[in-house]
Amino acid sequence: YWLAIERELVPFSALLADLGEAVPQRQVLVALESLRHRMLIERGPDRLTFTLQPIILEFLTDQLVDALYQEIMNGQPNLLHRHAFVQATAKEYVRHSQEQLIARPLLERMVGACGDADALERQLLMLLASWREQALIQQGYGPGNVINLLRLRRGHLRDLDLSRVAIQQAYLQGLDVQDTNLV
C-alpha cells in the first residue's frame, strides 16, 4: 500500500521510513526483490528507488480505497491508523494525486453509504473523538487522515476540536483554521 500511496519512484530509505521500525530492512529487501521478479514493481535508474507497475498501482489504489472504506464504516481503523494516504510532506502534484485518486473516491463512497454529507461528517468527527482517549503515540496517522478527509469535504477546518489528537501528515497550508481548537 505504501508504494500505491507514494504514487512515484520511492527511495528505499523513504520506504523503510514509511514502514517503520517494526519491519526489518532485510525483510523489506526480500519482499521488494520478490515483487520485482514477478514484474509488479520497477526499479528506478539508481536501483535503490522503486515504483509499482501502472496497472498494479491502479489496482492497489482501488484496493486501498475499498479497505479504508470498510475500516471506517466498521469502526476498525487499522490501515487508517498505519498509513498516511494523503501526505502533507509530499510534492504538491503527488499530494494532489493522493487526494484525487484515494481521498475523494473514499469520501464519495462514504457519502453514499452514510446517506448524506452531514451524516458522513458526524461519523468522521466521532472517529476523531475516539482517538482523544488514546495516547498521542498510539494514534498514528488516523487523526491526520480524518482531518484531511474533513478538509477535502468542507474546504476548511473552522470550528473543529483538534485537541489531544496527533496531527501527522494533515495538510493545513492555506486553510482557514479560525475557531479551531488545536490545543
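The paragraphs below set out a description of the structure included in this document.

Let us now look at the overall build of the protein. Along the protein, the regular secondary structure elements total 9 helices and 3 strands. The order of α-helices and β-strands along the protein, N terminus first, is α-β-α-α-β-β-α-α-α-α-α-α. Over its C-alpha atoms the protein spans a radius of gyration of 17 Å, differing by no more than 12% from the 16 Å that the globule rule assigns to 183 residues. A principal-axis box enclosing the C-alpha atoms of the protein has dimensions of 50 × 30 × 30 Å. A buried classification covers 43% of the 183 residues belonging to the protein. The long-range fraction of contacts in the protein, counting pairs at least 24 apart against all pairs at least 6 apart in sequence, stands at 57%. For the protein, the accessible area works out to roughly 9,800 Å², and carbon and sulfur atoms hold 52% of it. Here the protein contributes 18 positive and 22 negative side-chain charges, whose respective centroids are spaced 4 Å apart.

Glancing now at the packing of aromatic side chains. This model, assessed by the stated rule, comprises 1 aromatic pair. Taken together, a centroid distance of 5.9 Å and an interplanar angle of 70° make the contact between W2 and Y141 edge-to-face. Residue W2 is located in helix α1 (residues 2–6), and its partner Y141 is located in the loop between α8 (136–139) and α9 (142–154); the two are separated by 139 residues in the primary sequence. Residue classification places W2 among the buried positions, given a relative accessible area of 5%. Taking the relative accessible area as the measure of exposure, Y141 reaches 18% and is therefore buried. One cation-aromatic arrangement involves R95 over Y171; the distance from NZ or CZ to the ring centre is 3.5 Å. The ring of Y69 has R109 sitting right over it, with the charged end atom 4.0 Å from the ring centre.

All right, on to the side chain of N145 then. Note on placement: N145 falls in helix α9. At 3.2 Å, the side chain of N145 forms a polar contact with the backbone nitrogen of F85. N145 has contacts with L80, H83, A84, F85 and V86, leaving out every residue within four places of it along the chain.

The subject of this paragraph is the side chain of E6. Within the secondary structure, E6 sits in helix α1. There is no salt bridge for the buried E6, and the closest opposite charge comes from K91, which lies 8.7 Å off by N-O distance. Among residues more than four places away in sequence, those in contact with E6 are D18, Q87, V94 and Q98.

This next bit is on the nonpolar core. One finds F85 and L106 to be the most contacted residues of the largest nonpolar core, which totals 45 residues. With 7 residues, helix α4 (residues 54–74) is the single largest residue contributor to this core. Look past the residues within four positions of F85 in its chain and what remains in contact with it is I5, L68, L80, Q98, I102, A103, L106, N145 and L149.

What follows deals with the sheet that holds strand β1 (residues 10–11). Read across the open sheet, the 3 strands follow the order β1-β3-β2; overall the sheet is antiparallel. Edge positions in the sheet fall to β1 and β2 (41–43), since each of these pairs with one other strand and no more. Where β1 and strand β3 (residues 49–52) come together, 2 bridges link them in antiparallel fashion. The residue of β3 that forms the bridge with P11 is T49.

In this section: unusual backbone geometry. A positive phi is found at M39, a non-glycine position, where the angle reads about 60°. Even without glycine at this site, D159 takes up a positive phi of about 65°. Within the element layout of this structure, D159 appears in the segment after α9.

Calculation notes
Residues numbered from 1 in each chain as written. Predicted model: local features only at pLDDT ≥ 70, side-chain atom pairs only at ≥ 80, totals over all residues. Heavy atoms only, no water. Helix = DSSP H or I, 4+ residues; strand = E, 2+ residues; numbered from the N terminus. Rg over C-alpha atoms; globule rule 2.2 N^0.38 Å. Buried < 20%, exposed > 50% of the residue type's maximum accessible area, 1.4 Å probe, protein only. Contact = heavy atoms within 4.5 Å. Areas by Shrake-Rupley, 256 points an atom, 1.4 Å probe, with all protein chains shown as cover. Lys, Arg positive; Asp, Glu negative; His and termini not counted. Charge placed at Lys NZ, Arg CZ, Asp CG, Glu CD. Phe/Tyr/Trp six-rings, centres within 6.5 Å; stacked < 30°, edge-to-face > 60°. Lys NZ or Arg CZ within 6 Å of the ring centre and 35° of its normal. Polar contact = N/O pair within 3.5 Å; in protein donor to acceptor, adjacent residues only side chain to side chain. Salt bridge = Lys/Arg side-chain N within 4 Å of Asp/Glu carboxyl O. Core = buried A, V, L, I, M, F, W, Y, C linked by side-chain atoms within 4.5 Å. Pairing = 2+ DSSP bridges.

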